Amino acid sequence: MLESIVTAIPGPRSLALAARLRRVEPRGVTYLGAEYPVFWERAGGATVTDVDGNRYLDLTSAFGVASTGHANVAVAAAVAAQAAQLPHGMGDVHPTEVRTRLLEELARIAPGDLCQTFLSTSGADAVEFALKTALLATGRPRAVAYRGAYHGLTLGALEVAGIDKFHDPFAALVPQRARLLPFPGAATPLADALAELEAALSDDPETGAVVLEPIQGRGGVIVPPDGFLRGVRRLCDEYGALMILDEIYTGFGRTGTMFACEREDAVPDLLCVGKALAGGMPLAATIGSQRVMDAWPESMGEAIHTSTFLGNPTACAAALANLGELEQPALLPSVRERGVRIGERLARLRAYASVRDVRGLGFLWAVEFTDGAAANAVVVNALTRGLIVLQSGPTGTSITLAPPFVIDDLQMVRALDIFEESVSSLSR
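Everything numeric in this text was worked out from a predicted model, so none of it was measured. (Residues numbered from 1 in each chain as written. Predicted model: local features only at pLDDT ≥ 70, side-chain atom pairs only at ≥ 80, totals over all residues. Heavy atoms only, no water.)

Trainee: Just checking my understanding: could you explain the packing of helix α12 (residues 331-347) against helix α14 (residues 409-424) for this structure?
Mentor: Relative orientation and spacing of two packed helices are given, respectively, by the angle between their axes and the distance between those axes. Packing of α12 against α14 leaves a shortest axis separation of 11 Å and a crossing angle of 25°. Overall, the two elements α12 and α14 adopt an arrangement that is roughly parallel. Handedness of the α12/α14 crossing: right-handed. Residue-level inspection shows Arg338, Arg341, Ile342, Arg345 and Leu346 of α12 in contact with α14, the latter providing Asp409, Met412, Leu416, Asp417, Phe419 and Glu420. Of the residues contributing to the contact of α12 with α14, the split by class is five nonpolar, no polar and six charged. (Axes fitted to C-alpha atoms, helices over the stretch in contact; angles between N-to-C directions. Helix = DSSP H or I, 4+ residues; strand = E, 2+ residues; numbered from the N terminus. Parallel < 35°, antiparallel > 145°, perpendicular 65-115°, else oblique. Left-handed = near helix turned anticlockwise from the far one by under 90°. Contact = heavy atoms within 4.5 Å. Nonpolar A, V, L, I, M, F, W, Y, C, P; charged D, E, K, R; others polar.)

Trainee: Before we go on, may I ask you to explain unusual backbone geometry in this structure?
Mentor: Trans is the common state for peptide bonds, and a negative phi is the common state for residues other than glycine. A cis amide bond, omega -5°, links isoleucine 9 with the succeeding residue proline 10. As for its position among the elements, proline 10 is in the segment before α1 (12-24). Following tyrosine 36, the chain continues to proline 37 via a peptide bond in cis, the omega torsion being 5°. Its location among the elements puts proline 37 in the loop between α1 and β1 (40-44). Phi at aspartate 265 is positive, roughly 55°, even though this residue is not glycine.

Trainee: I tried to follow the state of the cysteines on my own but got confused; where do I start?
Mentor: Cysteine pairs can be linked by a disulfide, which is a covalent bond between their two sulfur atoms. Overall, the coordinates contain zero disulfides when judged by the stated rule. Residue cysteine 316 stays outside any disulfide, its sulfur separated by 17 Å from that of cysteine 272, the closest cysteine. Residue cysteine 316 is classed as buried on the basis of its relative accessible area, which comes to 0%. (Disulfide = S-S within 2.5 Å. Buried < 20%, exposed > 50% of the residue type's maximum accessible area, 1.4 Å probe, protein only.)

Trainee: Looking at this model, I keep getting lost on the sheet that holds strand β14 (residues 390-392). Mind explaining?
Mentor: Strand pairs in the sheet, formed through backbone hydrogen bonds, run parallel or antiparallel to each other. The sheet built from four strands is open, its strands ordered β11-β12-β15-β14 with antiparallel pairing. Single-partner strands in this sheet number two, and they are β11 (355-361) and β14. This sheet shows a mean twist of 25° between the axes of neighbouring strands, independent of strand direction. The sheet contact formed by β11 and strand β12 (residues 364-369) spans six bridges and is antiparallel. Within the sheet, the bridge partner assigned to glycine 360 lies in β12 and is tryptophan 365. Lying over the sheet, α12 contacts β11, β12 and β15 (398-401), oriented at roughly 10° with respect to β12. Lying on the sheet, helix α13 (residues 372-385) is in contact with β12, β14 and β15; it crosses β14 at an angle near 170°. (Pairing = 2+ DSSP bridges.)

Trainee: Explanation requested: the pattern of salt bridges in the structure shown.
Mentor: Opposite charge on two side chains makes pairing possible when the charged atoms of those side chains draw close. Tallied over the full model, the rule gives 25 salt bridges. With a closest N to O distance of 2.7 Å, glutamate 3 and arginine 414 form a salt bridge. Residue glutamate 3 is found in the segment before α1, and its partner arginine 414 is found in helix α14; the two are separated by 411 residues along the sequence. Note on arginine 414: relative accessible area 27%, which makes it partly exposed. With a closest N to O distance of 3.2 Å, arginine 291 and aspartate 269 form a salt bridge. Pair noted here: arginine 291 is in helix α10 (residues 290-293) and aspartate 269 is in the loop between β8 (242-246) and β9 (270-273), with a separation of 22 residues, a long-range link. The class for aspartate 269 is buried, based on a relative accessible area of 6%. (Salt bridge = Lys/Arg side-chain N within 4 Å of Asp/Glu carboxyl O.)

Trainee: Would you mind going over the side chain of threonine 60 with me for this structure?
Mentor: Mapped onto the secondary structure, threonine 60 falls in the loop between β3 (55-58) and α2 (61-64). Looking at threonine 60, the relative accessible area reads 6%, which means it is buried. A distance of 2.6 Å separates a polar atom in the side chain of threonine 60 from a polar atom in the side chain of aspartate 58. Beyond its immediate chain neighbours, meaning those up to four positions away, threonine 60 contacts Ile388, Val389, Leu390 and Ala402. (Polar contact = N/O pair within 3.5 Å; in protein donor to acceptor, adjacent residues only side chain to side chain.)

Trainee: Help me understand the environment of leucine 32, please; the structure alone is not making it clear to me.
Mentor: Relative to the elements of secondary structure, leucine 32 occurs in the loop between α1 and β1. For leucine 32, a relative accessible area of 13% gives the class buried. As for leucine 32 and leucine 59, which are separated by 27 residues in sequence, their C-alpha atoms are 21 Å apart. In this structure leucine 32 touches Ala18, Leu21, Arg22 and Pro37, once residues within four positions along its chain are discounted.

Trainee: For this particular structure, what's the right way to read the packing of α13 against α14?
Mentor: Two numbers describe how α13 lies on α14: the axes approach to 9 Å, and their chain directions differ by 130°. Considering the angle they form, α13 stands oblique to α14. Crossing of α13 over α14 shows right-handed handedness. Judged by residue contacts, Val378, Asn381, Ala382 and Arg385 of α13 engage Ile418, Phe419, Glu421, Ser422 and Val423 from α14. Considered class by class, the residues forming the contact of α13 with α14 number five nonpolar, two polar and two charged.

Here it is in structure tokens:
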């Protein structure tokens, strides 16, 4: 199934809904313009249909969530069955079997000795749990993080945020306990990147954690040099800091391995995951070794970090079904092989004057443009042609392409054709 545009974009129902939404939602949440957005009504596989009946090819997986496809049949069935039996439980008070089964599965597939998991409802909460764990485990309150990093927008996560527009409006509320380093791109000499980290760790003995993404996602798909994660692991061991790896975007196959850190055999102390974990249900997790997790005091009846929806049964059932889909034998090899083809196809765009760079791995790619206005123009133009893509980068100069793994070859070719047509429209 390909794209099908039957109205102007946005269509009349989308425009009417935008007017209604504007009256009841704070203006700082959803951008509502004359050319953007469209209101989604349903989705399946790699396509999305809006309220006006326009069908789009989706190269975003809805922020990387729908890796196994929108409205995945197995996930939808698991959600329906669990919701009919026990949609909500009592978190840390009275647990459920489905939560126990999910934690067992995560322990089985997680790299190295990571075997204990704290469940949360957002990636930001997973990161905050990791930061609290690092303090308990090391007794050191400070951290090293990276410019361009996105770890969520709660106050704790903002301490390690590397994108100014998210951090700066709330700077008065955010303690300055993190030192931000430049995140190395593929062309950065590995020795230089590691020397900067070592200098930061040696300068501040109160550093208890190094927080980073294996590939910066929201920051514009910045791929570090080979060996960087191994080097970070070595330096964390040497200086007694915990390595916190944020795989909320890259985890569960996005780069061609279940977790991106597996490419370098670099096992972190704490692994934060989310997005694609539950196939569309809000669920995230922090996975750690027993040694690190034992820094938390044993619960005496009331956990000191928890939430109302901790281990929500419906979300756990969705995650179990989704993990089953992700472990289909042919899936990850397909992501690796087809990811190479995506890169080769996107490389052609370097011929356009508006394109500054193309980079990525597996099913996570970015095309960087000369400025944010050019990237935005491509996003808007692509939408009118029946393609959904997402602007990214600290200043919006990139477009991220993160298609569902179930997108078929015909859909992929058509989507990349539309994307190139939208890029070429900049020069007309």
